[in-house]
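Letter by letter, the chains look like this.
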Amino acid sequence: MRPILLAALAASCLHSAAAVADSAPPEGGTSEIRPGVALVLSGGGARGVAHLGVLKVLEELRVPVDCVVGTSMGAIVGGAYASGMPLDEMEHRVRAADWTEMFQNALPRDRQPFREKQDAAGNRAAITLGWGAGGFLMPQSAIAGQQLDRFLTGLAGDAESLSGFDTLALPYRAIATDLESGAMVVINDGPLWRAMRASMAVPGVFLPIEHRGRLLVDGGLVMNLPVDIGRELCGGRVIAVNLGTLPLGRERLTTATEIVLQAINLALEQNVQQQLGRLDADDALVQVDLGDITSRDFDRVLETIPLGEQAARAAAASLARFAVDEASYAQWQARRQLRLLRPAPVITAVEVEGARHVPPRGVLAGLRQRTGLALDATALEEDLESLYAQGDFERLRYRVERDGAYGRLKVEAVDKSWGPNYLRFGGGLAADLQGDGAVALFAGLSRRWINDWEGRLNVDLQVGTTNRLRGELFQPLGLKSQWFLAPVLQAGSRTVPVFQDGRKVADFRVRERSAGLDLGYEAGAWGELRVGLHRGREKADIVSGAAVYPGQSVAQGKLRLSAVLDRLDSPFFPRRGYSARLLGEWHDGRFGSDLDYRYAEFDASWAGSGGPHTLMLGLTVAGSPDRELPSAGRYTLGGLFRLSGYRYGELAADQVVLASASYYRRISTLPEALGRGVYLGGTVEWGNLRNYALDAASPGSRSSMSLFLGADTVLGPLYVGMAYASRVGEPRYYLLFGQPY
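Because the structure is predicted, anything quoted here is derived from the model rather than measured.

How each quantity is defined
- Residues numbered from 1 in each chain as written.
- Predicted model: local features only at pLDDT ≥ 70, side-chain atom pairs only at ≥ 80, totals over all residues.
- Heavy atoms only, no water.
- Disulfide = S-S within 2.5 Å.
- Helix = DSSP H or I, 4+ residues; strand = E, 2+ residues; numbered from the N terminus.
- Buried < 20%, exposed > 50% of the residue type's maximum accessible area, 1.4 Å probe, protein only.
- Axes fitted to C-alpha atoms, helices over the stretch in contact; angles between N-to-C directions.
- Parallel < 35°, antiparallel > 145°, perpendicular 65-115°, else oblique.
- Left-handed = near helix turned anticlockwise from the far one by under 90°.
- Contact = heavy atoms within 4.5 Å.
- Nonpolar A, V, L, I, M, F, W, Y, C, P; charged D, E, K, R; others polar.
- UniProt positions renumbered as here; feature names shortened; annotations may be inferred.
- Pairing = 2+ DSSP bridges.
- 1 Å grid on protein atoms, 1.4 Å probe; cavity = no way out; pocket = protein on both sides within 12 Å on 5 of 7 lines; lining within 4 Å.
- Points joined across faces, edges and corners; volume = space filled by probe spheres on them.

K.L.:
Please clarify how the state of the cysteines should be interpreted in this entry.
P.N.:
What we call a disulfide is simply a covalent bond connecting the sulfur atoms of a pair of cysteines. Counted by the stated rule, this structure contains one disulfide. There is a disulfide in this structure between Cys67 and Cys234, and the S-S distance comes to 1.8 Å. Here Cys67 is found in strand β2 (residues 67–71), whereas its partner Cys234 is found in helix α9 (residues 227–234), with 167 residues between them in sequence. Cys234 sits in the buried class, given a relative accessible area of 1%.

Below, the structure is given as structure tokens:
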């Protein structure tokens, strides 16, 4: 069977070459052979998926085309069709795609590295900037497009770098704009996915694409409906599909984004009208009415397909002039799809291009693809996704330079232009009407790839209720090793409120400094395990109020064990997943401690959803079996979601069990620039506390409930809440923004 397929493929290539020779005009002249039919697809962002509906009707009418030319989303749909992909498979891929995820720079949280997730959960990276010789550095675009690139590679069929797109099942051209000169660029070579991607790189939204030394952006800026290019390529008649550019009404022009979009739309419409004037009586025009669907409405892309069908059926009489008999159309369709049967090439070399801060071996070490073996595109995509998730790259794609049955694999690694030094900012505040609360401002510097084993230096500063300066060198024990060493230096102070019978009687200040060395194992996106020895000194005294606790200055020495598992899909308003954290400390004279005691904390949470409804369960167990805990070592509760009916830090105990159940429903969405969702929900909380201090008084069981309105913003979570505890007897009101603890 294999020799028959290869023979058929060779015959198809010869036939395709002959067809191109018959239909394409010679260099510098026009063809005298029977005019071909060019399919010209306009741009339109999310509206461009309507082209699938038009293609459905063309296939029903048995209309073959001899070449395809497209701009922006028209270049994407047209490129996939020109590659030979069956229309039903194209539609399946479009319907199966997560269009929201596709336009996110970060991967879904359950695929992000553990350290990135922990920074987000602590709201320590709400704002991230680069730092270099020129001062602050910013990304070149809002969306890097890594996940979009992967989607386009699937639509293109492979990542082969072609010397010319005339070798595709259908000759193809994509229109782009040279960002430096403003000139129109007709892309005719390279990987097909990259031509498709360059044609829709909206400036400021998507990262520009470099091709043959030119920096390319969306082709709609110069020619959104490339009728002229289609006629030149096929030398004859044109079937043009125009999606139009929807002008926004005054009531929509309320933000800078909408005003810029309006200006772009008006510019596009000018060049579209010019190209529509080039159509003549032998051509056909399909004008698609997409109503109020805008180019940015990617959550509505599936609505556009039937509208494309409707428009094409309305133009059926005009399109029928291009139809052929059933046998001829079947032969044309078979030739169009045969190219996809080629086997994967055997890789003879793997090379890395473009990386500046990340050494090439840092990329190669993360790839399973080996020379002498056939290209495993699935495994390669998975490896590139894992490398991209590390946070070092803007884009990480590949192409194959094929030579018969063999090929050279070239990985295009574009590391972040604003790295490798990153400044991170975050924090939060919490307050109630009683004047209690907490505040934290966070700033951090992260320096990546300080050596060839991917070492990372983090220096973090937190000021507020808790002040802390912390430096850590995270050093893997080999390139891509999951084992690591982490020396840590830390100094800081914190203020602990002291309450008696619901009344604040003192503020207790704890100052500490320490140094430690951890040995750990990082389990990818799942979590981390650490064990380490830490030594330092702790001083504590009353800074205001009654002398409830005696002042002390003690040496600290402890063996510390921590384990974290994080599989939640969001750090603040998760809809699914689970997490757990275990902390254990053994303070002992053998480690240099003046005090001997043990301490442990265990936190776990689970979230599940049905439709817009989410239920989240939480459990905390903390404390020590030893009764002689230091004054500052007791676990505190109070504040929103920590027995919400009590004041911040009102409850302190040697042993704590806290269980909670939360329900919330997404009631609205925020503008993309501000965040994601708005939620309405409530909690029920129960705790049991045992306290051996303060005359051995034990708080016993406590319960509380709360109602809240929350928002998942780009700067962190925002909650406005009301809580009630029966033993307090009066409601409390809270404002919580970010992570102040």
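K.L.:
What am I meant to see in the packing of helix α3 (residues 73–83) against helix α8 (residues 192–199) here?
P.N.:
The angle between the axes and the distance between the axes are what describe a pair of packed helices. Relative orientation of the contacting elements α3 and α8 amounts to 160°, with a least axis distance of 9 Å. Relative to α8, the element α3 lies roughly antiparallel. For the pair α3 and α8, the sense of crossing is right-handed. Facing Ala75, Ile76, Gly79, Ala80 and Ser83 of α3, the residues of α8 in contact are Leu192, Met196 and Ser199. Its residues assigned to classes, the contact of α3 with α8 comprises five nonpolar, three polar and no charged.

K.L.:
Could you clarify how one ought to interpret the UniProt feature "domain: PNPLA" (unreviewed entry) in the chain in this entry?
P.N.:
This chain's UniProt record puts "domain: PNPLA" (unreviewed entry) on residues 39–231. Between the C-alpha atoms that bound residues 39–231 the distance is 9 Å, and the span itself is 35% helix and 21% strand.

K.L.:
So what exactly am I meant to see when it comes to the sheet that holds strand β15 (residues 406–415) here?
P.N.:
Either a parallel or an antiparallel arrangement is found when strands of a sheet pair, and the pairing is made through backbone hydrogen bonds. What the three strands build is an open sheet, ordered β13-β15-β14; its pairing is mixed. In this open sheet, the two strands that pair with only one neighbour each are β13 (346–353) and β14 (393–403). Going from strand to strand, the sheet's axes swing by 20° on average, the running direction of each strand aside. When β13 meets β15, the two strands line up parallel, connected through seven bridges. Bridge pairing in β15 links Ala349 to Arg408. Packed on one face of the sheet, α8 meets β14 and β15 and runs near 140° to β14. On the sheet, helix α15 (residues 377–389) packs against β14 and β15 and is oriented at approximately 155° with respect to β14.

K.L.:
Would you mind going over empty space enclosed by the protein with me for this structure?
P.N.:
The full count for this structure, using the stated rule, is five cavities of 30 Å³ or more. Put simply, the largest cavity is a space of about 70 Å³. If you go around the largest cavity, the residues you meet are Val49, Leu52, Met73, Ile76, Val77, Ala80, Met90, Val94, Trp99, Phe151 and Leu155. Residue assignment for the lining of the largest cavity shows that the elements contributing at least two residues are α3, α4 (87–96) and α7 (146–156). Considering each element in turn, the lining of the largest cavity owes the most residues, four residues, to α3. When grouped by side-chain class, the residues that make up the lining of the largest cavity number 11 nonpolar, no polar and no charged. Estimates place the volume of the second largest cavity at around 40 Å³. Forming the boundary of the second largest cavity are Thr466, Asn467, Arg468, Gln490, Ala491, Gly492, Ser493, Arg494 and Glu512. Elements supplying a minimum of two residues to the lining of the second largest cavity: β19 (466–476) and β20 (483–500). Of the residues forming the lining of the second largest cavity, the biggest block, five residues, is contributed by β20. Here the residues of the lining of the second largest cavity sort into one nonpolar, five polar and three charged.

K.L.:
Before we go on, may I ask you to explain helix α6 (residues 114–121) in this structure?
P.N.:
Count 3.6 residues to each turn of an α-helix, and residues three or four apart come out pointing the same way. Phe114, Arg115, Lys117 and Asp119 are the residues of α6 that are buried. Buried residues belonging to α6 abut β16 (421–432), β18 (456–464), β19, β21 (503–522), β22 (527–545) and β23 (552–566). Looking one or two residues beyond α6, the residue adopting positive phi is Asn123, at roughly 55°.

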